[in-house]
Amino acid sequence: MDKKYLYYGSEFVDVKPISDEYPGINNPRDLYDALTGIWCAQTCAPGMRANWTPENMTLGQCSITSFLAQEIFGGKVYGLPLEDGNYHCFNDVSGAVFDLTSEQFGGKELDYANRTEQFREDHFINEEKRLRFEHLKKELFKATHR
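What you see is a predicted model, and the numbers here were worked out from it, not measured in a lab.

The rules behind each value
- Sequence order as written defines the numbering, with residues in each chain counted from 1.
- With pLDDT at 70 or above as the cut-off, local features in this predicted model cover only qualifying residues; side-chain atom pairs require 80 or more to be listed or tallied, and sums for whole chains, interfaces and linings still use all residues.
- Excluded from the side-chain calculations are hydrogens and water; all other atoms, namely the structure's heavy atoms, are used.
- The helix and strand labels rest on DSSP assignments: H or I over at least four residues marks a helix, E over at least two residues marks a strand, and numbering proceeds from the N terminus.
- Both definitions apply: the radius of gyration is a C-alpha atom measure, and the globule rule equals 2.2 Å times residues to the power 0.38.
- A contact between two residues is defined here by any heavy atoms of the two lying within 4.5 Å.
- Accessible surface area values rest on a Shrake-Rupley calculation with a 1.4 Å probe, where residue burial reflects the displayed protein chains alone.
- Asp and Glu are treated as the negative residues and Lys and Arg as the positive ones, with His and the ends of the chain left uncounted.
- Note on charges: their place is set at NZ of Lys, CZ of Arg, CG of Asp or CD of Glu.
- Stacked, edge-to-face and tilted are the three classes for Phe, Tyr and Trp ring pairs, Trp counted by its six-membered ring, which pair at centre distances within 6.5 Å; planes under 30 degrees apart are stacked, over 60 edge-to-face, the rest tilted.
- Exposure is judged per residue with a 1.4 Å probe applied to protein chains only, and the accessible area is read against the type maximum: over 50% gives exposed, under 20% gives buried, and values in between give partly exposed.
- Here, a charge over a ring means that NZ of Lys or CZ of Arg falls within 6 Å of the ring centre while also lying within 35 degrees of the ring normal.
- A fitted line through C-alpha atoms serves as each axis, taken over the contacting stretch for helices, and the angle formed by two N-to-C directions is quoted from 0 to 180°.
- Any angle that falls under 35 degrees is termed roughly parallel, while one over 145 is termed roughly antiparallel, one within 65 to 115 roughly perpendicular, and all others oblique.
- Each helix crossing is assigned a hand: it is left-handed if the near helix lies turned anticlockwise from the far helix by less than a right angle, otherwise right-handed if that turn is clockwise.
- Residue polarity follows a fixed list, in which Ala, Val, Leu, Ile, Met, Phe, Trp, Tyr, Cys and Pro are nonpolar, Asp, Glu, Lys and Arg are charged, and the others, Gly among them, are polar.
- By the convention used here, strands pair only if DSSP detects at least 2 bridges between them.
- Residues belong to one nonpolar core when they are buried, are Ala, Val, Leu, Ile, Met, Phe, Trp, Tyr or Cys, and are joined through side-chain atoms within 4.5 Å.

Participant: Break down the overall build of the protein chain for me, citing the residues and quoting the values.
Facilitator: If you tally the helices and strands in the protein chain, you get 4 helices and 4 strands. Counting helices and strands in the order they occur from the N terminus, the protein chain gives α-α-β-β-β-β-α-α. On C-alpha atoms alone, the protein chain measures out to a radius of gyration of 14 Å, which is about the 15 Å that the 2.2 N^0.38 rule sets for 146 residues. Along the first, second and third principal axes, the C-alpha atoms of the protein chain reach 35 × 30 × 30 Å. Sequence-distant contacts in the protein chain: of pairs separated by 6 or more residues, those separated by 24 or more amount to 62%. If you sum the accessible surface of the protein chain, you get close to 7900 Å²; carbon and sulfur atoms cover 50% of it. Counting 16 positive and 23 negative side-chain charges, the protein chain places the centres of these two groups 4 Å from one another.

Participant: A description of the packing of aromatic side chains should follow, citing residues and the corresponding values.
Facilitator: Under the criterion given, the structure shown has 11 aromatic pairs. Judged by centre distance (6.1 Å) and plane angle (75°), the ring pair of Y5 and Y7 falls under edge-to-face. Residue class for Y7 comes out buried when judged on its relative accessible area of 2%. Through a chain of ring-to-ring contacts, three or more aromatic side chains come together here, namely Y5, Y7, Y32 and W39. Against the face of Y78 rests R115, its NZ or CZ located 3.8 Å from the ring centre.

Participant: Give me the packing of helix α1 (residues 28-35) against helix α2 (residues 62-73): which residues, what numbers.
Facilitator: Orientation of α1 relative to α2, taken along the N-to-C sense of each, is 135°, at an axis distance of 11 Å. By the criterion of interaxial angle, the relationship of α1 to α2 is oblique. Considering only the axes of α1 and α2, their crossing is right-handed. Here P28, L31 and L35 of α1 lie close against α2, whose contacting residues are T65, L68, A69, I72 and F73. Among the residues making up the contact of α1 with α2, the classes are represented as 7 nonpolar, 1 polar and no charged.

Participant: Run through the sheet that holds strand β1 (residues 76-81), naming residues and quoting values.
Facilitator: Read across the sheet, 4 strands follow the order β3-β2-β1-β4 without closing on themselves; strand pairing throughout is antiparallel. The strands lining the two open edges of the sheet, one partner per strand, are β3 (96-98) and β4 (116-118). Across this sheet, the average inter-strand angle for adjacent strands is 40°, counted without regard to direction. As paired elements, β1 and strand β2 (residues 87-93) share 6 bridges and run antiparallel to each other. When the bridges of β2 are listed, L80 appears paired with H88. Along the sheet, α2 contacts β1, β2, β3 and β4; its crossing angle with β2, the most-contacted strand, is approximately 15°.

Participant: A description of the nonpolar core should follow, citing residues and the corresponding values.
Facilitator: Ranked by size, the top nonpolar core spans 32 residues in total, and within it I25, L31, L68, I72, F73, F98 and L140 carry the most contacts. Looking at this core, the elements that each hand over two or more residues are α1, α2, β2, β3 and α4 (127-144). The element best represented in this core is α2, accounting for 7 residues. In this structure, L31 is in contact with I25, A69, I72, F73, L100 and L140, ignoring residues within four places of it in sequence. Y78, F90, L110 and Y112 belong to the second largest nonpolar core, which has 6 residues in total.

Participant: Can you lay out unusual backbone geometry for me, pointing to particular residues and giving the numbers?
Facilitator: One non-glycine residue, S94, lies in positive phi territory at about 50°. For S94, the position within the fold is in the loop between β2 and β3.

Function-wise, these values are silent; they only describe arrangement.
Quick look at the structure:
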């Protein structure tokens, strides 16, 4: 029986990596599976850490996860405006829209059409966020090179 994936866009298994830097990551589902062993309170956005749990492992992980997915699969990172003025990030690779961290919203439907392109240089001007991204990337590299 196939594993059931609950993140938005999980049906897009034909999205392939643009490099072979991460062996075993052949589509977004593989990346999601690998990240489930890496996402933690340390990789969660500081303002959300108090609410992070292993059961809600995608909480506060959106931008660093989306920019990592962009490195692996290409495409663009977009953001949905949230009520608090921040953006929730997700990926679009040639029309295949997927959001590996959508589960943090508990099934709430998001409007992926209402989006603004996001750029790493804007996000990573925040040193803390850049360091969380580098940690996530390093841990994924270690996990895929065992």
